[in-house]
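# Structure at a glance
So the chains spell out like this:
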Number of protein chains: 2
Amino acid sequence: MSSIKDELPPVRIGLLGLGTVGGGVVNVLKRNVLDLSRRAGRSIEVIHASARRLDAVRICPLDGILLTTNPMDVVENPDVDVIVEVMGGMQPASSLIRRALALGKPVITANKALIAHEGNELFALAQNNGTVVAFEAAVAGGIPIIKAIREGLAGNRIEWLAGIINGTSNFILTAMRDEGRSFADVLAQAQALGYAEADPTFDVEGIDAAHKLTILAAIAFGMPLKFDAVYTEGISQLQTEDVRYARELGYQIKHLGIARRFENGVELRVHPTLIPERRILANVDGVKNAVLVWGDAVGPTLYYGAGAGAEPTASAIVADLVDVVRTRTADPTHRVPHLAVLPDQITDLPILPMSEVETGYYLRLTVRDQPGVLANIARILADHGVNIEAMIQKEASIETAHLPIVLLTHPLQEARMNAAITAIETLDTVQAPVVRLRVESLAG
Amino acid sequence: MSSIKDELPPVRIGLLGLGTVGGGVVNVLKRNVLDLSRRAGRSIEVIHASARRLDAVRICPLDGILLTTNPMDVVENPDVDVIVEVMGGMQPASSLIRRALALGKPVITANKALIAHEGNELFALAQNNGTVVAFEAAVAGGIPIIKAIREGLAGNRIEWLAGIINGTSNFILTAMRDEGRSFADVLAQAQALGYAEADPTFDVEGIDAAHKLTILAAIAFGMPLKFDAVYTEGISQLQTEDVRYARELGYQIKHLGIARRFENGVELRVHPTLIPERRILANVDGVKNAVLVWGDAVGPTLYYGAGAGAEPTASAIVADLVDVVRTRTADPTHRVPHLAVLPDQITDLPILPMSEVETGYYLRLTVRDQPGVLANIARILADHGVNIEAMIQKEASIETAHLPIVLLTHPLQEARMNAAITAIETLDTVQAPVVRLRVESLAG
């Protein structure tokens, strides 16, 4: 794996903004430096970064990074190949990005407001200067929804899409529903937890969602960005009793951005919406985001994940970085390597035997209904270090006097589980082979 | 939009296989020909296709397509630029693809068995001949999961993934759960519906899922394809009572492919798995597929959609086609246009006013508790053509004698709904502004 760095110099990043997201970008680039080289064909390094204050506490190490309070210095630095803009807001971000594009430098941004308002101009400027603006991080945080629509669903005519694209609003709606609390009450809690800004207007009045919907619709339908045309309604007027009545009727209230194409035009709207509780979107809770896209060939597809946060946003920014670097390093034909990393970077990892796998287990035992049966089984399990999480014991069948016992175990190694089962099956009270299924929590 | 075709000749496709999926590819390419040109920079046409029998009934029109029973003729045809292989099976698909790659032609395939078994060789062959094998359609049908992992999550170290990647098994498990029927019974029904093959071994014994897991794991971890190392267990031994007991414990049984990275190696396993019922994966039912991917930066993301079928599979194949064509037409910098279509192909679509939007409505009225109130409201709604789908009427508040009435309407135009609300608010029995929320079914 050492050949990469020897061949090509690193791509040098200039970072505009060293707040939460900027720190996330630095951390992800450092932590995954090897994996990123394997994918992109050369390493990616932040060499210059700007921040409003240099004495602020950072969430990332800063070794090897030149710091400045003047972001234009970063843009103008001739050693900087690519600009990453994570300062947010319209100005000075707009001027900085325009200057970078005029210099022919690719720009990667998480700035949804700027793209929604000025994207048409910025994209033209990039095109004219032979460079690009990448903005995966501007919509739905770490979910690769721009790529999914723009490339993954390129075979389709997109008919409509609907998304939970503001995590703050979804967090508030989830708490209003689960705890029966008022909007104002939950908003205060969300602010305390850092899920809502001190000035929550952009989130709770739907403006942030409208920015994102503007971008999604433009890509889905191949039309210009039209933020001013989006009908925008937030959740601030929503009352707890309506959340409750909706549930009684079998619905959840979600704050959705909806774009739909008709013969005579396009609908663009952001508002609280009742959706049937069985829909997957209705089950996206808390700060999570999800976008449902309907293509004429594929039908519905859904994309779910973290819509905000330092590292989820960094995930999208670094994916854009890898895309940009791949267009510069790989031959055009092999822009994306077959197996994600360059052919000479494929690593032959050992495959672990099933005996070493650790999972939880579901066991169903069929036993004779007589005293002491359960005690014998419990002792064998304890001897093998098997911990029981839950148990169901049913009444015995009248004809056979056989009793089903269902157990759920805590995670343990499969070899040990199998040894315990073998021991249990030797008991003469056990009437049939033990049914064994694996259990996964699917959490972190 | 006429400029594209004038500039560059169409990309000419040779199609190996004219069954369900092959027909879907022809249909999608024809139906979306304009949108595809806008995205790819030139049009894409099938000019030569092979089928086992030429007199078979096709699901697609065949005008302009040269037909043959000899697939090698298609591969060798010097007018064919790109090969799409949708015949399935190991041979002759393998020989045909190898020949196409030797000729330097890009190959797009839906053949998961072939990629899982021979992908390592095929990718090397492609690389050596300066061309590519694209295989988005090989895993999870129309869900762009290969692209999501290989590009969209390129910033992450992928820790693990777990997927429902065999629709037949998921259909059977869903029916076993919902209808309490046996595996054999549901399998017979799935075969009758066309969701299961006459020989269901590949699906119900987990082999198909193991093919797909092999591919996902290789891309997620940058390792070679290792089909033989996958632990594979299907659902054919699963008993209805275990599905029932799992539910009692708060779990669903799903047939999962799981790949997980550890310090000392990788787990690769396919087996029925209990998962907590609140997890989104637990709520993926019927023939649908979904893959949950855990990246170190982004955390969990989930991708959901149709895992099989003519047009969902065609969706993935055509997305690969657009990718391949973009590498040939666009300058490398602008391989993927900012707004998905070429800059001169952006269409300025009109945005429809909210008054023309059609949705369902949730209405909450606060009325005085007296005879005839509901009749008056119902008459106004009927006069405006508003149809009621559901209603909740609660008891009046003791202090105010105010009564909440909650209504759900069928979809109608917002202008008409607003007119009805204005009329209702003039009634002197109506004590407060009508609360109006929109309802979306999110179905097709």
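These numbers come from a predicted model, not from an experiment. Throughout, residues of each chain are indexed from 1 in the direction in which the sequence is written. Chain A is the first chain written and ligand 1 is the first ligand written, with later ones labelled in order. Per-residue local features of the predicted model are confined to residues with pLDDT of at least 70, and side-chain atom pairs are confined, for both listing and counting, to 80 or more; whole-chain, interface and lining totals are unaffected and use all residues. Derived side-chain values reflect all non-hydrogen atoms in the structure, with water molecules and hydrogen atoms excluded from consideration.

### Remarks on the relation of the copies chain A and chain B
A rotation about an axis combined with a shift along that same axis relates the two copies of the chain. A least-squares superposition brings the copies together, and it is based on the C-alpha atoms of residues with pLDDT no lower than 70 in both. Relative to chain B, chain A is turned by 180° and slid 0.0 Å along the rotation axis, the superposed coordinates differing by an RMSD of 0.0 Å. Each copy turns onto its partner about a two-fold axis. Within chain A, the C-alpha atom positioned nearest to the axis of rotation is that of A:Tyr303, 2.5 Å from it. The residues that chain A uses at the interface reappear at the interface of chain B in 100% of cases, marking a shared surface. By definition in these notes, contact holds between two residues if any of their heavy atoms fall within 4.5 Å.

### Some remarks on the sheet that holds strand β6 (residues 133-134) of chain B
Backbone-to-backbone hydrogen bonds join strands into a sheet, with any given pair of strands oriented parallel or antiparallel. All names here are of chain B. If you walk across this open sheet you meet the 6 strands as β3-β2-β1-β4-β5-β6, and the pairing is parallel. The sheet terminates laterally at β3 (66-68) and β6, the two strands that pair on one side only. Inspection of the sheet shows strand β1 (residues 11-16) paired to strand β2 (residues 44-50) by 6 bridges, in the parallel sense. The partner of Arg12 across the bridge, within β2, is Glu45. Seen against the sheet, helix α5 (residues 93-102) touches β1, β4 (82-85), β5 (107-109) and β6 and runs at an angle of roughly 150° to β5. By definition, two strands form a pair when at least two bridges between them are found by DSSP. Comment: elements are numbered from the N terminus, with helices defined as DSSP H or I runs of at least four residues and strands as E runs of at least two. In this analysis, axes come from line fits to C-alpha atoms, helices being fitted only over the stretch in contact, and the angle between any two N-to-C directions falls in the range 0 to 180 degrees.

### Quick word on the pattern of salt bridges
Note on definitions: salt bridges are taken to be side-chain nitrogens of Lys or Arg within 4 Å of carboxyl oxygens of Asp or Glu. Using the criterion set out here, one finds 60 salt bridges over all chains in the structure. One salt bridge connects B:Glu151 with A:Arg335, and the closest N-O pair in it is separated by 3.1 Å. Separated into two different chains, B:Glu151 in helix α7 (residues 145-152) and A:Arg335 in the loop between α13 (310-329) and β13 (358-368) make up a pair that spans both. Ionic pairing is found between B:Glu241 and A:Arg364, a salt bridge with its closest N-O pair at 3.3 Å. Within this pair, whereas B:Glu241 is found in helix α12 (residues 240-248), its partner A:Arg364 is found in strand β13, the two belonging to separate chains. The exposure class of B:Glu241 is partly exposed, given its relative accessible area of 27%. A single network of salt bridges, built from pairs that share partners, joins A:Lys147, A:Glu151, A:Asp323, A:Arg335, B:Lys147, B:Glu151, B:Asp323 and B:Arg335. Exposure is judged per residue with a 1.4 Å probe applied to protein chains only, and the accessible area is read against the type maximum: over 50% gives exposed, under 20% gives buried, and values in between give partly exposed.

### Things to note about the domain arrangement of chain A
Interface size is often expressed as the accessible area that is lost when the parts come together. Its domain assignment divides chain A into domain 1 (3-140 + 311-345), domain 2 (145-307) and domain 3 (354-439). Here the C-alpha centre of domain 3 of chain A lies 55 Å away from the C-alpha centre of domain 1 of chain A. In this document the domain limits rely on a domain assignment from an automatic tool or a database.

### Topic: the packing of aromatic side chains
All names here are of chain A. Stacked, tilted and edge-to-face are the three classes applied to pairs of Phe, Tyr and Trp rings, where Trp contributes its six-membered ring and a pair requires centres within 6.5 Å; stacked means planes under 30 degrees apart, edge-to-face means over 60, and tilted covers the rest. The final tally for this structure, using the stated rule, is 7 aromatic pairs over all chains. When the centroid spacing of 5.2 Å and the interplanar angle of 20° are considered together, the rings of Phe123 and Phe135 count as stacked. Of this pair, Phe123 sits in helix α6 (residues 112-128) while Phe135 sits in the loop between β6 (133-134) and α7 (145-152); the two residues are 12 residues apart in sequence, bridging distant segments of the chain. For Phe123, a relative accessible area of 6% gives the class buried. Between Phe171 and Tyr195, the aromatic rings sit 4.8 Å apart at their centres with planes inclined by 70°, giving edge-to-face as the arrangement. Here the residue Phe171 occupies a position in helix α8 (residues 167-179), and Tyr195 occupies one in the loop between α9 (183-193) and α10 (201-204), the gap between them amounting to 24 residues. By relative accessible area, Tyr195 is classed as partly exposed at 38%. To sit over a ring, a charge needs its Lys NZ or Arg CZ within 6 Å of the ring centre and within 35 degrees of the ring normal. We note Arg244 situated over the ring of Tyr245; from NZ or CZ to the ring centre the distance is 5.4 Å.

### Observations concerning the nonpolar core
Grouping buried Ala, Val, Leu, Ile, Met, Phe, Trp, Tyr and Cys residues that are joined through side-chain atoms within 4.5 Å yields what is termed a nonpolar core. One finds A:Ile145 and B:Ile145 to be the most contacted residues of the largest nonpolar core, which totals 114 residues. Setting aside anything within four residues of it in sequence, one finds A:Ile145 in contact with A:Glu136, A:Val139, A:Ala140, A:Leu216, A:Val291, A:Val293 and A:Tyr303.

### Thoughts on unusual backbone geometry
A cis amide bond, omega 5°, links A:Gln91 with the succeeding residue A:Pro92. Tracing the sequence through the fold places A:Pro92 in the loop between β4 (82-85) and α5 (93-102). A positive phi angle, near 60°, is found at B:Ala140, a position not held by glycine. For B:Ala140, the location among the structural elements is in the loop between β6 and α7. What makes B:Ala140 buried here is its relative accessible area of 1%. For B:Ala340, which is not glycine, the phi dihedral falls at a positive 80°. Mapped onto the secondary structure, B:Ala340 falls in the loop between α13 (310-329) and β13 (358-368). Looking at B:Ala340, the relative accessible area reads 1%, which means it is buried.

### Concerning the sheet that holds strand β2 (residues 44-50) of chain A
Residue and element names in this part refer to chain A. The sheet built from 6 strands is open, its strands ordered β3-β2-β1-β4-β5-β6 with parallel pairing. A strand with exactly one partner marks an edge of an open sheet, and here the two such strands are β3 (66-68) and β6. Examined bridge by bridge, β4 and strand β5 (residues 107-109) share 3 bridges and lie parallel to one another. Within β5, the residue paired with Val84 across the bridge is Ile108.

### Considerations on the confidence of the model for chain A
All names here are of chain A. Per residue, pLDDT captures the predictor's confidence, and it can take any value from 0 to 100. Predicted confidence across chain A gives a mean pLDDT of 94, with 98% of residues reaching 70 or more. A low-confidence stretch, residues 1-5 stays under pLDDT 50, and its non-local contacts, those more than four residues away or across chains, total 12 contacts. Note on the complex model: pTM 0.94, ipTM 0.94.

### Considerations on a nonpolar patch on the surface
On the surface, A:Leu193, A:Tyr195 and A:Val287 cluster together to form a nonpolar patch covering roughly 250 Å² of accessible area. Inspection of the secondary structure puts A:Val287 in the loop between β10 (265-276) and β11 (288-295). Each patch is built from residues that are more than 30% exposed by relative accessible area and take part in no salt bridge. Like charges join if they lie within 9 Å; nonpolar side chains (Val, Leu, Ile, Met, Phe, Trp, Tyr) join within 5 Å. Exposure was quantified through the Shrake-Rupley algorithm and a 1.4 Å probe, taking into account, for residues, occlusion by the shown protein chains and nothing else.

### Observations concerning helix α14 (residues 373-383) of chain A
All names here are of chain A. Taken as a whole, α14 has its buried residues at Val373, Ile377, Ile380 and Leu381. All buried residues of α14 project into a common sector of 100° when viewed along the axis, lining one side. Across α14 from its buried face, at more than 90 degrees, point the exposed residues Ala382 and Asp383. Of the surrounding elements, those touching the buried residues of α14 are β13, β14 (388-393), β15 (402-409) and α15 (414-425). With its phi angle positive at about 75°, Gly385 sits one or two positions after the end of α14. Summarising the geometry, the arc corresponds to the directions from the helix axis toward the C-beta atoms.

### Structural notes on the interface of chain A and chain B
Contacts between chain A and chain B engage 141 residues on the former and 141 residues on the latter. A buried area of about 11700 Å², summed over both sides, lies between chain A and chain B, and 60% of it is on carbon and sulfur atoms. Looking only at chain A, the three residues that lose the most surface to chain B are A:His338, A:Leu339 and A:Leu442, adding up to 7% of its buried area. On inspection of chain A and its partner chain B, the count reaches 18 salt bridges. In this description, buried area is defined as the sum, over both parts, of the accessible area (probe of 1.4 Å) that is lost when the two are combined.

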